Amino acid sequence: MARLGVDFGTTNTVVMMHDRGMFSAVLHSSRTRAGTVVQEVFPSAILMHESSGQRWYGIEADRRFGQVGPGPGYVFVPSLKRRLHGYAEGRTDGESDGIAELLTGYLHALAESIRASQNFPASEPLEAVITWPANANGAQRHITRRCFRDAGFDVLDTLNEPTASAIELADCILAGRDAKEAPAPQAVAVFDLGGGTFDASVVWIDGDDFQVLASGGIEDLGGDDFDAMLLDMFLERLDIPVAGLGPLTHHALLRQTRSQKETIAGGVMKSLFLNPADFGLAGVPVSISVDAFNDRLRPRISPAIKTLGRVIKDATASEPRIGGAAGLTIYLVGGSSKLPLVAEMASEAFPKSRVVLTDKPFRSVALGAAICSTERVRYRDVFARHFGLIRLRDHGRAETFDTIFPAGTPIPRKGEPSLEKVAWYHPLHNVGHLRYLECTAVGEAGLPDGNVRAWSDILFPYDPAVPLTASLTQDGIEMTDRFSHDAVCEVYRCDADSVITVELHRPACHDVRTYEIFRD
Ligand SMILES: Nc1ncnc2c1ncn2[C@@H]1O[C@H](COP(=O)(O)OP(=O)(O)OP(=O)(O)O)[C@@H](O)[C@H]1O
Ligand SMILES: [Mg+2]
């Protein structure tokens, strides 16, 4: 039976298949005037025609956008996955529904393309292990999984993108060894710089057992930013304000800067070019030296190297063997790791580690997921951020962050019981305002710090006369000790997909209500 590993990336979606012991890339095809084009990446883009409402997805979107060029009446949505960041902020303006609908439409098109692929057995269900950024928050994970299901995929399991890459690398190392010789346990730090996100994880590999020791990332750093930066450099030279460009011209220019940026990896090009006339703009052709581009790139890549350093430090704290004989391999994956500056900066920053540049920057994640679909390996992830809620202290005079699941907490494996944490307390209000959030750090004052993201807000009536299902507003909250004699209780659970729920109990009333902690 065929099983799939799907890497829904910011720029590209890649699907790897396992069928009868073999792994292969699912090929997507598109018919053009010059014949049928077959490729293994399905671009994460949508093209829409405003008046007719017609939509094209993936390869068709990309190809038609190239054909119609910056024409009026079309809306081009590249880097679809980046739109999910806004989703996570819990927008209530209907925008979130729009994103879910776009994503489901896109994944439907992906499913059709897989079914149409020559190498996929037509009658089989789309059983898939799907991946997401280690740094993705709960709401992003939730919506991604739901849209995959709505589009007809049977989601067997989910895992973090860098974990998938570590599994792919380990499999590669194992394949090159004598099967009888068990390799020594070792650590791999995955550095995944893609189109839209940067992810880092340290994975401890012991035979077919993979344990994520620490994880982190930057959710808005990737090749898209480098394209925009290069475009800024060109526009500065041409003295054209970016604000004056129409959206389609802007996309077309970004496409040009992207392809220029991608030539650097070959090591031959010393300059990058733009001819404004190709885009209907005034001015003479301009060039920018690769050295000048690298100078601007360095401070953009530097936070990723720092994040990797922090993740390695956290991992070493829990597994001291990393600093010792076991050593550390740094595995560079993602399309943007092809920029020679990335490997250079990683080798400079971690001189004692072995820096390995993948030979399959686009496939690594999907292949790791496909390997997991065979159930040959066992893996465990950790919380990449602290999850908790704001509580009042000092009789309501101050706020504090109560961490429920700190970063680094191991997430249950498939089939294991959920994590559980219980909080009992005596309420000092008539209604509890439970403001959930996640953050990368907790500051000295005990408040969330670093990258902070709000999750659900839940109102919990402590007054036994008010039903748990009553609709409440924040306006009605008052401090009171009228309800403080009866203790209440919150039970938090996190399942193997890192979906978190809370049960709010009022033992004195014998009632309980369960919430999934998301904006959905
Ligand atoms: N030769 C190259 N040199 C530099 N960058 C490249 C090269 N080839 C591809 N890229 C960049 O890699 C990015 C796409 O990489 P990849 O497919 O790994 O990302 P993704 O998986 O779609 O995104 P993410 O993992 O961030 O969600 C694009 O920004 C692309 O321009
Ligand atoms: Mg990726």
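Residues numbered from 1 in each chain as written. Chains lettered and ligands numbered in written order. Predicted model: local features only at pLDDT ≥ 70, side-chain atom pairs only at ≥ 80, totals over all residues. Heavy atoms only, no water.

Participant: Quick question: what am I supposed to make of the packing of aromatic side chains here?
Facilitator: Both the distance between ring centres and the angle between the ring planes are used here to describe each pair of aromatic rings. Within this structure, the stated rule accounts for 13 aromatic pairs. Ring pairs connect the aromatic residues Phe383, Phe387, Phe405, Tyr436, Trp455 and Tyr492, which therefore count as one cluster. The ring of Trp56 carries Arg64 above its face, with NZ or CZ at 4.3 Å from the centroid. Across the ring face of Tyr425, the terminal group of Arg391 is positioned such that the distance to the ring centre comes to 5.2 Å. (Phe/Tyr/Trp six-rings, centres within 6.5 Å; stacked < 30°, edge-to-face > 60°. Lys NZ or Arg CZ within 6 Å of the ring centre and 35° of its normal.)

Participant: Would you mind showing me how to read empty space enclosed by the protein here?
Facilitator: Left-over empty space is what a probe sized like a water molecule reveals as it rolls over the atoms. In the structure shown here, the tally under the stated rule is four cavities of 30 Å³ or more. Roughly 140 Å³ of internal volume is contained in the largest cavity. Taken together, 17 residues form the lining of the largest cavity, with Ala136, Arg141, Phe383, Ala384 and Glu438 sitting closest to its centre. Across the lining of the largest cavity, the residue classes break down as nine nonpolar, five polar and three charged. (1 Å grid on protein atoms, 1.4 Å probe; cavity = no way out; pocket = protein on both sides within 12 Å on 5 of 7 lines; lining within 4 Å. Points joined across faces, edges and corners; volume = space filled by probe spheres on them. Nonpolar A, V, L, I, M, F, W, Y, C, P; charged D, E, K, R; others polar.)

Participant: Could you clarify how one ought to interpret unusual backbone geometry in this entry?
Facilitator: Positioned with a positive phi, Arg20 is a non-glycine residue whose angle comes to about 45 degrees. Positionally, Arg20 belongs in the loop between strand S2 (12-19) and strand S3 (22-25). A relative accessible area of 71% places Arg20 in the exposed class. One non-glycine residue, His510, adopts positive backbone phi at about 55 degrees. Counting through the fold element by element, His510 comes out in the loop between strand S26 (500-506) and strand S27 (511-516). (Helix = DSSP H or I, 4+ residues; strand = E, 2+ residues; numbered from the N terminus. Buried < 20%, exposed > 50% of the residue type's maximum accessible area, 1.4 Å probe, protein only.)

Participant: Looking at this model, I keep getting lost on the packing of helix H5 (residues 161-175) against helix H10 (residues 364-373). Mind explaining?
Facilitator: For any two helices packed against each other, one specifies the inter-axial angle together with the distance between the axes. Interhelical geometry of H5 versus H10 gives an angle of 75 degrees and a closest axis separation of 7 Å. The angle between H5 and H10 places the two elements in the roughly perpendicular class. Facing H5, whose interface residues are Glu161, Ala164, Ser165, Ile167, Glu168 and Asp171, H10 presents Ser364, Val365, Leu367, Gly368, Ala369, Ile371 and Cys372. (Axes fitted to C-alpha atoms, helices over the stretch in contact; angles between N-to-C directions. Parallel < 35°, antiparallel > 145°, perpendicular 65-115°, else oblique. Contact = heavy atoms within 4.5 Å.)

Participant: I'm lost on the packing of helix H6 (residues 223-238) against helix H7 (residues 247-262) in this one. Help?
Facilitator: Their axes nearest at 8 Å, the elements H6 and H7 cross at an angle of 105 degrees. On the basis of the axis angle, H6 is roughly perpendicular to H7. Mapping the contact onto sequence places Gly223, Phe226, Asp227, Ala228, Leu230, Leu231 and Phe234 in H6 and His250, Leu253, Leu254, Thr257, Arg258, Gln260 and Lys261 in H7. Residue composition of the contact of H6 with H7, grouped by class: seven nonpolar, four polar and three charged.

Participant: Help me out: how do you make sense of the sheet that holds strand S8 (residues 55-57) in this one?
Facilitator: The strands that make up a sheet are held in pairs by hydrogen bonds between backbone atoms, and each pair lies either parallel or antiparallel. As summarised here, the arrangement of the three strands in space is S8-S7-S9, forming an open sheet in which the pairing is antiparallel. Each edge of the open sheet is held by one strand with a lone partner, namely S8 and strand S9 (74-77). Here the strands of the sheet are splayed against their neighbours by 15 degrees on average, with no regard to which way each runs. In terms of strand pairing, strand S7 (residues 46-49) meets S8 through three bridges, oriented antiparallel. Across the sheet, residue Met48 finds its bridge partner in S8, namely Arg55. (Pairing = 2+ DSSP bridges.)

Participant: Explain the layout of surface pockets to me, please; I cannot follow it from the model alone.
Facilitator: In this structure, the largest pocket occupies an estimated 1,100 Å³ of space. Lining the largest pocket we find 45 residues, and of these Thr11, Asn12, Gly195, Asp224 and Arg258 sit closest to its centre. With six residues, the top contributor of residues to the lining of the largest pocket is H7. Residues lining the lining of the largest pocket come from more than one domain, with at least three contributed by each of domain 1 (3-221 + 299-380) and domain 2 (223-297). (Domains from an automatic or database assignment.)

Participant: In this structure, what is going on with the domain arrangement of the protein chain? I would like to understand it.
Facilitator: The extent of an interface is frequently quoted as the accessible surface area lost upon association of the parts. Looking at the assigned domains, one finds that the protein chain contains domain 1 (3-221 + 299-380), domain 2 (223-297) and domain 3 (386-516). Taken over C-alpha atoms, the centre of domain 1 sits 26 Å from the centre of domain 2. Taken residue by residue, the interface counts 26 residues in domain 1 and 18 residues in domain 2. Of the roughly 1,800 Å² buried where domain 1 meets domain 2, counting both sides, 61% is carbon and sulfur surface. Inspection of the domain 1/domain 2 interface yields two salt bridges. Notably, a salt bridge pairs Arg255 with Asp62, separated by 2.9 Å at the nearest N-O pair. Applying the counting rule to domain 1 against domain 2 returns 10 residue pairs in polar contact (both at pLDDT 80 or more). Among the secondary structure elements, those contributing two or more residues to the side of domain 1 that touches domain 2 are helix H1 (58-68), S9, helix H8 (290-318) and helix H9 (340-349). By residue class, the composition of the side of domain 1 that touches domain 2 is 12 nonpolar, nine polar and five charged. (Buried area = accessible area lost by both parts, 1.4 Å probe. Salt bridge = Lys/Arg side-chain N within 4 Å of Asp/Glu carboxyl O. Polar contact = N/O pair within 3.5 Å; in protein donor to acceptor, adjacent residues only side chain to side chain.)

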